[in-house]
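In case you want the letters, here they are:
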Amino acid sequence: MIRCDNLVKIYKQADLEVVALQGLDLHVRAGELMAIIGNSGSGKSTLLNVLGGLDRPTAGQVTVDGIDLLQISDADLVKYKRETVGFVWQNNARNLIPYLTAQENVELPILLKGRRKRARALELLEAVGLLHRRKNRLSQLSGGEQQRAAIAIALANEPKVLLADEPTGSVDSAMANQILDLFRHLSHSLGLTVVIVTHDPLLAQKVDRVVAIRDGKTSSELIRRKSYAQELQELADGAERGDPDESHIEYAVLDRAGRLQIPSHCLEAVGMKNRNKMRVAIEEGRIVLTPPEPQDDRVS
Ligand code: ADP
Ligand code: MG
């Protein structure tokens, strides 16, 4: 559904250039629910804005549902934003109108007319668990309820991809969990592809794949050993809860030029945090990296 290859985004401000994405690779399967984590300034929002058609990529390749976002015309981009992707932000004031009711807010972006529009709005409110609040003004809803209204709005025109930029950033952890459950439900029931940006590693653990971004590039991936659904089922069946650190396998991402970003916690663990080179050797089919010996420094 999503393919980014060597994706580059440069922001130009007067004489200043900021390389927000520097050759990022990311592939997301249709129907996948995945999370993107990374420090502030690592390029997460830039990536989401490019995927959402809000920002134009500078170079590289990026396609969503086969649509090439580098080549797309302005007119097609408008259509793309309306029909292919839905967007949810941390600050939902961006797509909600406080003095309208929940139902009116959800009806607003729906392209259908009359009765079909109303029926669709009710269906969406039900999907996000807000049917009983449909007649309340947005300003009367809690933060979590407003965020669920924002999700309903993002789904108004049956997008194939839902992009959420820190959607749980301004709600408490119980509500964050509910919102994540909602994303999981939507992805399973509608076959929706969901990409969630979060800085909360605990939240990220609840999806099947977590991609970490560092300095505008994907640096590592955590992939679940068992699907989250499978794990929940086992818990329901009375199995022991596994060690959360054991639930995912960590991969470092290898780019086309053979570059590897080693997760910083691994470097720290072996005392290689501030070194600028490592010894490389092949031992029994493994690539082994070790800190340099003192004599290695003489020939740098
Ligand atoms: P994140 O969401 O991971 O915190 P961002 O994608 O917002 O990171 O930002 C990545 C980098 O790009 C930062 O250095 C940021 O300052 C810069 N940046 C983001 N948006 C703009 C913009 N509109 N103009 C100039 N620089 C920007
Ligand atoms: Mg951001």
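Report follows, based on the coordinates. The structure presented is a predicted model; accordingly, all values stated were derived computationally and were not measured.

What follows deals with the packing of helix 5 (residues 143-154) against helix 6 (residues 173-190). At a minimum axis separation of 10 Å, helix 5 and helix 6 run at an interaxial angle of 20°. Regarding the angle of helix 5 to helix 6, the classification is roughly parallel. At the point where helix 5 passes helix 6, the crossing takes the right-handed sense. Of the residues in helix 6, those touching helix 5 at Gly144, Gln147, Arg148 and Ile151 are Met175, Gln178, Ile179, Leu182, Phe183 and Leu186. Its residues placed into classes, the contact of helix 5 with helix 6 shows six nonpolar, three polar and one charged.

What follows deals with the pairing of strand 4 (residues 59-64). Bridge analysis of strand 1 (residues 2-13) against strand 4 gives five bridges, and the strand direction is antiparallel. Within strand 4, the residue paired with Val8 across the bridge is Ala59. Across two bridges, the pairing between strand 4 and strand 5 (residues 67-68) is antiparallel. Across the sheet, residue Thr63 finds its bridge partner in strand 5, namely Asp68. Count of turn residues in the strand 4/strand 5 antiparallel hairpin: two residues, of which Asp65 carries a positive phi of about 50°.

What follows is about the layout of surface pockets. In this structure, the largest pocket spans a volume of roughly 600 Å³. Around the largest pocket sit 22 residues that line it, and Ile37, Ala212, Leu222, Glu250 and His265 are the ones nearest its centre. Secondary-structure elements contributing two or more residues to the lining of the largest pocket are helix 7 (201-204), strand 9 (209-214), strand 10 (217-224), strand 11 (248-252) and helix 9 (264-269). If one sorts the elements of the lining of the largest pocket by residue count, strand 9 sits on top with four residues. Its residues placed into classes, the lining of the largest pocket shows nine nonpolar, nine polar and four charged. Mapped onto the domain boundaries, the lining of the largest pocket takes at least three residues apiece from domain 1 (2-84 + 159-257) and domain 2 (262-300). Size it by volume and the second largest pocket reaches roughly 340 Å³. For the lining of the second largest pocket, the secondary-structure elements that each account for two or more residues are helix 2 (74-83), strand 6 (85-88) and helix 5. At three residues, the largest contribution of residues to the lining of the second largest pocket is made by strand 6. Here the residues of the lining of the second largest pocket are counted per class, giving eight nonpolar, four polar and two charged.

Analysis parameters
- Residues numbered from 1 in each chain as written.
- Chains lettered and ligands numbered in written order.
- Predicted model: local features only at pLDDT ≥ 70, side-chain atom pairs only at ≥ 80, totals over all residues.
- Heavy atoms only, no water.
- Axes fitted to C-alpha atoms, helices over the stretch in contact; angles between N-to-C directions.
- Helix = DSSP H or I, 4+ residues; strand = E, 2+ residues; numbered from the N terminus.
- Parallel < 35°, antiparallel > 145°, perpendicular 65-115°, else oblique.
- Left-handed = near helix turned anticlockwise from the far one by under 90°.
- Contact = heavy atoms within 4.5 Å.
- Nonpolar A, V, L, I, M, F, W, Y, C, P; charged D, E, K, R; others polar.
- Pairing = 2+ DSSP bridges.
- 1 Å grid on protein atoms, 1.4 Å probe; cavity = no way out; pocket = protein on both sides within 12 Å on 5 of 7 lines; lining within 4 Å.
- Points joined across faces, edges and corners; volume = space filled by probe spheres on them.
- Domains from an automatic or database assignment.

Everything listed here is a matter of coordinates, which is why it stays silent on function.
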